[in-house]
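Chain by chain, the residues:
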Amino acid sequence: MKIGPLTINNRLTLAPMEEHTNFPFRLLMKQSGAGLVVTERVDAADVARRDRRAMRLLYTQTAESPRAGQISGADPTVMAEAARVVAELGFNLVDLNFECPIRRLMSRGEGGALMQSPEKIGQIVAAVVTAVSIPVTLKIRTGPDAAQETAVEVTQRAEDAGAAAVSVHARSVQQAYVGGPDWSVLQRVKQATCIPVIGNGGIRTAEDVPQMLETTGVDAVAIGRGCLGNPWIFRQARGLLNGSSRPPAATLAERGRALVQLIEGEFHIYGPPLALRRLPRMSGYFAQALPEGAAFRAAVREVKNFAQFKRLAKEWFG
Ligand SMILES: Cc1cc2nc3c(=O)[nH]c(=O)nc-3n(C[C@H](O)[C@H](O)[C@H](O)COP(=O)(O)O)c2cc1C
């Protein structure tokens with residue numbers, strides 16, 4: 001797939017997830033076969049003023065290239081300035097979030113609230129495209145609610161304004177994460193635009209990937225919750241798309257090594273206090289593969305440093 005001048009070497013991308021898709025997480029997904037990875041959403045106003053927390057959320061290294069930095073906001077000038085910062089940090093793409101359903105953003109007319117206003121999205125995209133030389137992409141939903149499907153109009157406005165690709169989460173903003181995705185919207189968006197369309201929503205197994213590609217015609221898929229504790233979904237889906245048989249599920253030892261790599265990255269980059277706070281949740285995803293996951297999770301809560309965690313993981317995963 002090509003996004004503007006950028007070549008993405010397969011049809012699998014990582015969906016952005018707040019408090020999850022940080023640098024160590026993205027690197028692990030890239031090593032497992034994701035062709036493109038994306039940061040979590042960061043407020044454009046914070047990025048524009050180079051707020052410390054925002055810069056931490058946008059921490060990146062070239063090892064994870066190609067990668068996108070995602071920003072949200074409604075003011076074209078602020079979004080343009082934030083996009084300049086994203087480009088300066090080395091990201092290959094800037095992704096604009098017009099899909100987040102959380103109340104704080106919605107009440108400010110940002111994120112998913114903008115799915116009501118295709119014209120406004122066009123203006124924001126145009127301002128950002130003018131400001132940066134890297135490709136500009138956007139992440140949208142089907143529309144504000146089941147009764148209003150604005151995805152096609154939003155995509156066409158964004159394409160006219162110079163967007164290089166669109167990711168469509170096949171749920172409405174009102175749905176948030178509840179209820180099944182409606183993949184038929186992906187097909188309608190694909191048929192209405194010339195820019196690459198990345199389909200998203202409901203990929204839980206590697207087999208879901210060829211199914212979404214075949215039934216909707218989208219150019220690529222974005223995997224969100226399906227890769228939590230299971231980075232191998234990318235490797236398996238890649239195998240299926242290459243026509244080979246499904247690569248075997250990861251062994252317990254492989255799972256343990258992946259978890260240790262992820263946690264080591266968090267300790268190294270963000271420091272022990274933050275890494276320790278995140279440890280139970282991150283380990284919890286991988287513990288699902290353990291016969292006595294609950295006991296492992298309880299032991300993780302007692303961990304005080306990385307060396308201790310590494311020993312514990314070795315004991316449990318082998
Ligand atoms: C915990 C969590 C955090 C998310 N954060 C973001 C975000 O920061 N930006 C964004 O565009 N989408 C975000 N999403 C939405 C996902 O990118 C994706 O669209 C959604 O989970 C549907 O895909 P899935 O069914 O494969 O999980 C988030 C989803 C989850 C579950």
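All values derive from a computational prediction rather than experimental measurement. (Residues numbered from 1 in each chain as written. Predicted model: local features only at pLDDT ≥ 70, side-chain atom pairs only at ≥ 80, totals over all residues.)

1. A word on the overall build of the chain
Here is step 1 of the chain: Of the regular secondary structure elements, the chain holds 14 helices and 10 strands.
Here is step 2 of the chain: Since a compact globule built from 318 residues should have a radius of gyration of about 20 Å, the 19 Å found for the chain is in line with a globular shape.
Here is step 3 of the chain: Principal-axis analysis of the C-alpha atoms gives the chain an extent of 55 × 45 × 35 Å.
Here is step 4 of the chain: Counting only residues that meet the buried cut, the chain has 49% of its 318 residues in that class.
Here is step 5 of the chain: Counting only contacts in the chain whose residues sit at least 6 apart along the sequence, the fraction spanning at least 24 positions is 68%. (Helix = DSSP H or I, 4+ residues; strand = E, 2+ residues; numbered from the N terminus. Rg over C-alpha atoms; globule rule 2.2 N^0.38 Å. Buried ≥ 20, exposed ≤ 12 C-beta atoms within 10 Å, placed from the backbone. Contact = placed C-beta atoms within 7 Å.)

2. Description of the site of the ligand
Here is step 1 of the chain: The environment of the ligand is made up of 22 residues, and the closest members are Ala15, Glu18, Arg41, Gly224 and Arg225.
Here is step 2 of the chain: When grouped by side-chain class, the residues that make up the shell around the ligand number 7 nonpolar, 9 polar and 6 charged. (Near = placed C-beta within 6 Å. Nonpolar A, V, L, I, M, F, W, Y, C, P; charged D, E, K, R; others polar.)

3. A closer look at the packing of helix α11 (residues 252–270) against helix α12 (residues 272–287)
Here is step 1 of the chain: α12 packs onto α11 with a crossing angle of 160° between their chain directions and a minimal axis gap of 9 Å. Overall, the two elements α11 and α12 adopt an arrangement that is roughly antiparallel. Where α11 crosses over α12, the handedness of that crossing is right-handed. Contacts between α11 and α12 involve Arg255, Leu259, Leu262, Ile263, Glu266, Phe267 and Tyr270 from the first element and Pro272, Leu274, Ala275, Arg278, Leu279, Met282, Ser283 and Phe286 from the second.
Here is step 2 of the chain: For the contact of α11 with α12, the residue count by class is 11 nonpolar, 1 polar and 3 charged. (Axes fitted to C-alpha atoms, helices over the stretch in contact; angles between N-to-C directions. Parallel < 35°, antiparallel > 145°, perpendicular 65-115°, else oblique. Left-handed = near helix turned anticlockwise from the far one by under 90°.)

4. Regarding the packing of α12 against helix α13 (residues 293–300)
Here is step 1 of the chain: The interhelical angle for the contact between α12 and α13, taken along N-to-C directions, is 160°, at an axis separation of 10 Å. Between α12 and α13, the crossing angle belongs to the class labelled roughly antiparallel. The crossing of α12 and α13 is right-handed. Residue-level contacts link Leu279, Pro280, Ser283, Gly284 and Ala287 of α12 to Gly293, Phe296, Arg297 and Val300 of α13.

5. Some thoughts on the domain arrangement of the chain
Here is step 1 of the chain: In terms of domains, the chain is made up of domain 1 (2–241) and domain 2 (252–317).
Here is step 2 of the chain: Between the C-alpha centres of domain 1 and domain 2 the distance comes to 29 Å.
Here is step 3 of the chain: Taken residue by residue, the interface counts 10 residues in domain 1 and 10 residues in domain 2.
Here is step 4 of the chain: Residue contributions to the side of domain 1 that touches domain 2 peak at 5 residues, all from helix α1 (residues 23–32).
Here is step 5 of the chain: Of the residues assigned to the side of domain 1 that touches domain 2, the class counts are 8 nonpolar, 1 polar and 1 charged. (Domains from an automatic or database assignment.)

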